[in-house]
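Coordinates in review
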Number of protein chains: 2
Amino acid sequence: MGVVATQSDSKKSQPSIQPLVNLVTGGMEQVNQIILSKAGSNVELIPEIAKHLISSGGKRLRPMLTLACADMFGYQGDGHVTLAASVEFMHTATLLHDDVVDESDMRRGKLAARKLWGNQASVLVGDYLLGQAFKMMVDVGSLEALRILAEASAVIAEGEVLQLGAAKNIATSEAEYLRVIEAKTAALFAAAAEVGPVIAGESDAMKKAARAYGMELGLAFQLVDDALDYGGSSADLGKQVGDDFREGKITLPVVFAVARGTDEDRTFWKRCLETDGIQDGDLEHAIELLGKYDAISDTVQRARDYGSGALKALEKLPQGAHTDALADAVAFCISRVS
Amino acid sequence: MGVVATQSDSKKSQPSIQPLVNLVTGGMEQVNQIILSKAGSNVELIPEIAKHLISSGGKRLRPMLTLACADMFGYQGDGHVTLAASVEFMHTATLLHDDVVDESDMRRGKLAARKLWGNQASVLVGDYLLGQAFKMMVDVGSLEALRILAEASAVIAEGEVLQLGAAKNIATSEAEYLRVIEAKTAALFAAAAEVGPVIAGESDAMKKAARAYGMELGLAFQLVDDALDYGGSSADLGKQVGDDFREGKITLPVVFAVARGTDEDRTFWKRCLETDGIQDGDLEHAIELLGKYDAISDTVQRARDYGSGALKALEKLPQGAHTDALADAVAFCISRVS
């Protein structure tokens, strides 16, 4: 579980993100330079916090999508690099605000920014990065890309508010939960992919296919994360196992377990997730219930289904090294948990 | 102090915002409609919070600046209305985040949104409104207006982070404080005014003059607010007297009083503003010290100076009913405190 493939692994035996990483190496170096320079400010707390987050080594999957989805059309400018950096800034801003909203202590295996600098700075530096993201998009000059990313920005926040309502409510349905993650996670993956063909001046059909790929991958990615939160090891995930449980988050594994459980089980979930009444041993019991009702394996199955959807969308894009690498990314994403 | 002028007051005897309100009535009705429709969402918490803030009756000075600064050039489209609504959304988003950052209890005489719905919802609904603001700007289609407002968005956040550093530090200098308010308040006034000539397709000289007017008015406005916080009555200001004091905010009156005070005074300010050590009677003593060192009257004088700067900038714009009304707005703003 959670084994990260290395470059030497053969593609067949171990799905890997490496082909994608290799394809966009040059562009990602530029993205990283832009990120470091645009996270600068003579207000010193801003680069300090931004660099903490940015150097803490997320996979940078979203900006890689933007680069790959422009490169596959032979795009020659540098607008895709700036858009990719904007996408990562939007994501980083979301993380900063999320940690405040979720009262998280850890992020990618490090103390969350809010624990180091406080909630106030996390809110404001998130706002700053979002402002910088929009400035960078304006520099690119594509109103269509701006529209797609501005829409994503509003939709992400909407999804987070929706999740706030769903949190601590074990009656959340699968459909409601999917609506949350489509907005809060998948919408940015979709936008990140879509702006590739947009900046390359491609047809609506290409934009739609790239968007669909990003959306389905984003859904798969989030569901794998949800499953890992109850099953991965802390080191693999960069956060503690059971974070979602402790924060009262209702994720798909819980939705399944609640729906399939007994009245007694429901009382347990209610106490743990709705009333902050978690006691020693509760997480272990939760994991036991999730196993008993196939809640984790069915969540992973859903992730596989979305992964298949992503692969189908890829078929409509120009076939080659980029679509191959993006297909590997889907397999890699799902392999984290299975 | 804080007397609000009514329509029947003559212009000479009592400065009034009413001429400006009258000039942009039609546009502001459209702005209000856009605001109400774009604050909508099928995530019900969003319109609930947005409407609470929007209906709580701020003066809507910023969107009025946008309308007036486009109308004065005979602009005929409706882009200015959409931009004005975006400006108000940006402002509202800032208020939501500010209340969280400042841990404020009141906003415009009502309970702050964070007291009613929590910090989490305030952060996220602010993010949503910001996303909507950018979507609306994209709809207008002016990359130049987008650049100006995106820049303002980043600068406002930068100013807030700067203020966070200055908060609880009584060694803050006048220059440092002015830098904070230029960023956190005046930058949006400046952008709101500048996008008027931008959308009307006017020359750089006109854009520069409108921007300068907004900037100077914004500085005057903030300094008057700072003075009122120690001198206005609670009902006039929509917040309690002494809010800044209780929140440990260093504003210009305090900067003056600290610089001019004795060692004993400095010990007092240090205890109150740096260490959360406020006791009964401290606010009264603070107000006494501010009076003793002319800290309020000198702050108001600075506001008057910026007001004069705003009037000077107006002279470069096409003279007529709009520049007259904008001049009245400057006088009105300063009359709130003197």
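Residues numbered from 1 in each chain as written. Chains lettered and ligands numbered in written order. Predicted model: local features only at pLDDT ≥ 70, side-chain atom pairs only at ≥ 80, totals over all residues. Heavy atoms only, no water.

Regarding the overall build of chain A
Rule in force here: Secondary structure counts use DSSP, requiring at least four H or I residues in a row for a helix and at least two E residues in a row for a strand, with both numbered from the N terminus. Put simply, the radius of gyration uses C-alpha atoms, and a globule should come to 2.2 Å times the residue count raised to 0.38. Residue burial is assigned from relative accessible area. The probe radius is 1.4 Å, only protein chains are included, and a residue is buried under 20% of its type maximum, exposed over 50%, and partly exposed in between. Throughout, a contact is declared for two residues whenever any of their heavy atoms are within 4.5 Å. What sets the accessible areas is the Shrake-Rupley method with a 1.4 Å probe; for residues, cover comes only from the shown protein chains. Charge counting treats Lys and Arg as positive and Asp and Glu as negative, with His and both chain ends excluded. For the purpose of locating charges, the reference atoms are NZ of Lys, CZ of Arg, CG of Asp and CD of Glu.
Broken down by element type, chain A carries 16 helices and two strands. By the compact-globule yardstick of 20 Å for 338 residues, chain A fits well, its C-alpha radius of gyration being 20 Å. Overall, the C-alpha framework of chain A stretches about 60 × 45 × 35 Å when taken along its three principal axes. Taken over 338 residues, chain A has a buried fraction of 59%. The contacts in chain A between residues at least 6 apart in sequence include a share of 75% that link residues at least 24 apart. With an accessible surface of roughly 12,800 Å², chain A has 49% of that area assigned to carbon and sulfur atoms. Looking at charge distribution, chain A has the averaged site of its 33 positive side-chain charges lying 2 Å from that of its 47 negative ones.

Digging into the pattern of salt bridges
Residue and element names in this part refer to chain A. Operational definition: When a carboxyl oxygen of Asp or Glu lies within 4 Å of a side-chain nitrogen of Lys or Arg, that pair is called a salt bridge.
Summed over the entire model, instances satisfying the criterion amount to 28 salt bridges over all chains. A salt bridge links K270 to E274; the nearest nitrogen and oxygen atoms lie 3.1 Å apart. Here the residue K270 and the residue E274 both occupy positions in helix α13 (residues 263–274), the gap between them amounting to four residues, near one helical turn. A relative accessible area of 21% places E274 in the partly exposed class. Here R271 makes a salt bridge to D282, at a shortest N to O gap of 2.7 Å. Of this pair, R271 sits in helix α13 while D282 sits in helix α14 (residues 282–292), and the two are eleven residues apart along the sequence. Among the ionic contacts, a cluster of salt bridges with common partners joins E144, D204 and K207.

Here's the deal with helix α16 (residues 321–335) of chain A
Residues and elements named next belong to chain A. As a reminder of what qualifies: Expected span, for any helix, means 1.5 Å times one less than how many residues it has.
An ideal rise of 1.5 Å per residue puts 21 Å on 15 residues; α16 measures up with 21 Å between its terminal C-alpha atoms. Taking burial as the measure, the 15 residues of α16 include eleven buried ones, the bulk of the element. Inspection of α16 places H322, T323, A325, L326, D328, A329, V330, F332, C333, I334 and S335 among the buried residues, and these make up the whole buried set. Here the buried face of α16 lies against α1 (18–23), α4 (61–71), α9 (204–231) and α15 (295–315).

Focus on the interface of chain B and chain A
The test is simple: We call two N or O atoms a polar contact when they sit within 3.5 Å, provided that within protein one can donate a hydrogen and the other can accept it, with sequence-adjacent residues counted only if both atoms are side-chain atoms. Classification convention: Asp, Glu, Lys, Arg as charged; Ala, Val, Leu, Ile, Met, Phe, Trp, Tyr, Cys, Pro as nonpolar; all other residues, Gly among them, as polar.
Contacts between chain B and chain A engage 37 residues on the former and 37 residues on the latter. Connecting chain B to chain A are four salt bridges. R147 of chain A serves as the salt-bridge partner of D139 of chain B, at 3.7 Å between the closest nitrogen and oxygen. One can count six residue pairs in polar contact (both at pLDDT 80 or more) joining chain B with chain A. Sorting the residues of the side of chain B that touches chain A by element identifies α3 (45–54), α5 (79–102), α6 (113–140) and α7 (143–166) of chain B as the ones contributing at least two each. When grouped by side-chain class, the residues that make up the side of chain B that touches chain A number 20 nonpolar, eight polar and nine charged.

Focus on the relation of the copies chain B and chain A
So the rule is basically this: Least squares is the method for superposing the copies, and the C-alpha atoms it fits come from residues with pLDDT of at least 70 in both.
Between chain B and chain A, which share one sequence, the superposing operator has a rotation angle of 180° and an axial displacement of 0.0 Å; the RMSD is 0.0 Å. What we have between these two chains is a two-fold relation. Comparing interface residues between copies, 100% of those in chain B also lie at the interface in chain A; the contact surface is shared.

With respect to unusual backbone geometry
All names here are of chain A. At R60, a position not held by glycine, the phi torsion is positive, near 55°. Along the polypeptide, R60 turns up in the loop between α3 (45–54) and α4. At D294, a position not held by glycine, the phi torsion is positive, near 55°. Of note, D294 is situated in the loop between α14 and α15.

Details of the environment of D229 of chain B
Residue and element names in this part refer to chain B. Assignment of secondary structure puts D229 in helix α9 (residues 204–231). A relative accessible area of 0% means that D229 is categorised as buried. Linking D229 and E176, residues 53 residues apart in sequence, is a C-alpha distance of 20 Å.

Structural notes on the packing of helix α2 (residues 25–38) of chain B against helix α4 (residues 61–71) of chain B
Residue and element names in this part refer to chain B. Put simply, the rule is: Note on geometry: axes are C-alpha line fits, over the in-contact stretch for helices, and angles between N-to-C directions span 0 to 180 degrees. Roughly parallel here means an angle under 35 degrees, roughly antiparallel means over 145, roughly perpendicular means 65 to 115, and every remaining angle is called oblique. Handedness of a crossing is defined here by the sense of rotation of the near helix relative to the far one, left-handed for an anticlockwise turn of less than a right angle and right-handed for a clockwise turn.
Where α2 meets α4, the axes come as close as 10 Å, and the angle between the chain directions of the two elements is 130°. What the angle tells us is that α2 and α4 run oblique. As α2 runs across α4, the sense of the crossing is right-handed. Judged by residue contacts, G27, M28 and V31 of α2 engage P63, M64 and L67 from α4. Its residues placed into classes, the contact of α2 with α4 shows five nonpolar, one polar and no charged.

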